[in-house]
Amino acid sequence: MTHRISGLSRRTRTAAEADTAARLDAIRDAPRLAEDFFRRLPKGGDLHNHLSGAVSTEYLVELAAEDGLCVDTSTMTAVAPPCGEGTRPAADARTDRAFHDALVRAWSMQDFPADGNGHDHFFDAFGKFGEVTWRHRGKLLAEVADDVAAQNQFYLETMVTPASDGAKQLAAEVGWDPDLARLHEKLTAGGKLDRLVAEARKESDDADTEFRTAARCDTGSPRPACRLPVRWISQVSRGSSPERVFTQMALGMRLAERDPRFVAVNLVQPEDSESALRDYSLQMRMLRYLRGVYPGAHVTLHAGELWPGLVKPADLAFHIKEAVDVARADRIGHGVDLLHEDDWQRTARTMAVRETAVEVPFTSNAQILGVRGADHPFETYRAYGVPIVLATDDPGVSRIDISHEYRYAADTYGLSYPELKDLARASLEYAFLPGASLWRGNPTRDGYRPAADCRSTELGTARPGADCRRLLDASPKAAAQWKQERAFHHFESKFRAHS
Ligand SMILES: [Zn+2]
């Protein structure tokens, strides 16, 4: 019925790839060696990453202590000082191990039982540590970008909620209007939305300053974070009122057109909440309208992060489909309920033709939805030639890293080394980093062949030719891709002796 697309190929293409593939096959069942292999494997970029959920929980606990925050001991929620009745200083976690560990369990999936309600525990964690994270976007980024670089990745797109309070106020002031063009006019009237854009840019400037200090970027010993290309994706709180959702969307898309640090919008919060379900189609129509106003902004959407039992069958039938057909999302986050949707084959074919990538965070899907292994539509997306990018979602809350996700994919679906390599390449190819690609055409369908300016024989070498150099200088995307090809060359060279 379906056919395997050649792009994600099991075949090795060079002797070095063949040797590396043989090495992987030899060590698959040796945990320590496999762990080392997957940590050192170049793994593209992380395209689905929520900044506050990405930082390690231990760091959040320390940050709460540094800021003199308190913890409500009945709910383990961080609250602002002074520490009144029913609370205790977060700094107690430095000396009280049991308190520290209880915080880690409340703010992450640590020790969470497989038969517990992972969905609720996961989403509740963000509310519990929210008082810690909103103050320190720069410090969080320094931690997360260091982690990404240490994982042998070359790029990060991470999600934050820009000018959150300002957007809430503006939405309340403007109110709802079902005529979206008129609503957008009301938002922009008198420079209102532009003031919000300015506020969001100021917030980013402040975050940059905090980041550069925390990562020591302007000193003689900069942390690896300083060298990582990073772009922001603006979160939209899908559980909010329609006017607030629309305001956040317009803000994020205007920001993506005006400030190169921002590239896209995404809808966050549980997709299965009552208001998110009720307004889903309306929100897709909002995005469709705003895409016409802001054609330079990208859209990636959490869609189909659902499973039977979590919502009623009617709500399983159309979320990915509308994200693709109505909102015309550039990428889909999760897409787990694909096979439960109406006409899903057509949706999958559309995604393949348009190269609408699906962002797959396996551990998150297992923890929140209980979906793993053969239940996950990973193999179906592959069979239809839909681009796939592995991602972490919330590595801090989930207590995993991207190496773990690649290893899970390799173990669960029996992926070969060339297939893993193409997954890593896909996660830069389908990034919103601007510029022409190092690869030509549709690489998911046709395989990764260099663009005309760069020859295959140049890939991974230290000195690209003049035409190729020009491409790399002009394109941040191609430059990141080149860096990864260099890393693959280095990685594979380690295994020549073992063959
Ligand atoms: Zn997510």
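Here, the structure is the one placed above.
Conventions we followed
- Residues numbered from 1 in each chain as written.
- Predicted model: local features only at pLDDT ≥ 70, side-chain atom pairs only at ≥ 80, totals over all residues.
- Heavy atoms only, no water.
- Helix = DSSP H or I, 4+ residues; strand = E, 2+ residues; numbered from the N terminus.
- Rg over C-alpha atoms; globule rule 2.2 N^0.38 Å.
- Buried < 20%, exposed > 50% of the residue type's maximum accessible area, 1.4 Å probe, protein only.
- Areas by Shrake-Rupley, 256 points an atom, 1.4 Å probe, with all protein chains shown as cover.
- Phe/Tyr/Trp six-rings, centres within 6.5 Å; stacked < 30°, edge-to-face > 60°.
- Lys NZ or Arg CZ within 6 Å of the ring centre and 35° of its normal.
- Pairing = 2+ DSSP bridges.
- Axes fitted to C-alpha atoms, helices over the stretch in contact; angles between N-to-C directions.
- Arc of directions from axis to C-beta.
- Contact = heavy atoms within 4.5 Å.
- Polar contact = N/O pair within 3.5 Å; in protein donor to acceptor, adjacent residues only side chain to side chain.
- Disulfide = S-S within 2.5 Å.

A. Here's a closer look at the overall build of the protein. When helices and strands are counted, the protein shows 23 helices and 11 strands. For 499 residues, the compact-globule estimate of 2.2 N^0.38 gives 23 Å, and the C-alpha radius of gyration of the protein, at 23 Å, lies within 12% of that figure. Seen along its three principal axes, the alpha-carbon backbone of the protein occupies a region of about 65 × 55 × 50 Å. Within the span of the protein, comprising 499 residues, buried residues form 58% of the whole. Carbon and sulfur atoms form 50% of the exposed surface of the protein, whose accessible area is close to 20,100 Å².

B. Spatial organisation of the packing of aromatic side chains. Tallied over the entire structure, the rule returns 17 aromatic pairs. Look at Trp 344 and Tyr 384: their rings are 5.6 Å apart centre to centre, the planes differ by 65°, and that puts the pair in the edge-to-face class. Taken together, the residues span a long stretch of sequence, with Trp 344 in helix 15 (residues 344–354) and Tyr 384 in the loop between helix 17 (378–383) and strand 11 (388–390) at a distance of 40 residues. In this structure, Trp 344 and Tyr 384 share a single accessibility class: buried. Ring geometry for Phe 362 and Tyr 408: centres 4.9 Å apart, planes at 40°, overall tilted. With Phe 362 in helix 16 (residues 362–369) and Tyr 408 in helix 19 (residues 402–413), this pair connects stretches of sequence that are 46 residues apart. The exposure class assigned to Tyr 408 is partly exposed, which follows from its relative accessible area of 22%. Geometry around Phe 99 places Arg 88 over its ring, the cationic atom sitting 4.0 Å from the centre. Between the NZ or CZ atom of Arg 331 and the centre of the ring of Phe 432, over which it lies, the distance is 3.9 Å.

C. Broad picture of the sheet that holds strand 3 (residues 77–79). Within the open sheet, the three strands sit side by side as 3-2-4. Their pairing is antiparallel. A strand with exactly one partner marks an edge of an open sheet, and here the two such strands are strand 3 and strand 4 (87–89). Pairs of neighbouring strands in the sheet enclose a mean axial angle of 35°, with direction left out of account. Of the strand pairs in this sheet, strand 2 (residues 70–72) and strand 3 are connected by three bridges, and their pairing is antiparallel. Bridging across to strand 3, Asp 72 finds its partner in Thr 77.

D. Broad picture of helix 9 (residues 180–188). Turning to helix 9, its buried residues are Leu 180, Leu 183, His 184 and Leu 187. When helix 9 is viewed along its axis, its buried side chains cluster within an angular range of 100° and face the same direction. Tucked into the core, helix 9 has its buried residues touching helix 8 (164–174), helix 10 (192–214), helix 11 (242–258) and helix 13 (280–293). The N-capping residue of helix 9, defined by a side-chain oxygen 3.1 Å from the backbone nitrogen of Ala 181, is Asp 179. Of the residues trailing helix 9, Gly 190 is marked for its positive phi of about 65°.

E. Structural view of the state of the cysteines. Using the criterion set out here, one finds three disulfides in the structure. Here Cys 70 connects covalently by a disulfide to Cys 83, the sulfurs 2.2 Å from one another. Disulfide Cys 70-Cys 83: torsion about the S-S bond near -90°, hence left-handed. Of this pair, Cys 70 sits in strand 2 while Cys 83 sits in the loop between strand 3 and strand 4, and the two are 13 residues apart along the sequence. Classification of Cys 83 as partly exposed rests on a relative accessible area of 33%. Linked covalently through their sulfurs, Cys 217 and Cys 226 form a disulfide whose S-S length is 2.1 Å. A torsion of -95° about the S-S bond marks the disulfide between Cys 217 and Cys 226 as left-handed. Using a relative accessible area of 25% as the deciding quantity, one classes Cys 226 as partly exposed. Once the disulfide-bonded cysteines of the protein are ranked by sequence position, their pairing pattern turns out to be 1-2, 3-4, 5-6.

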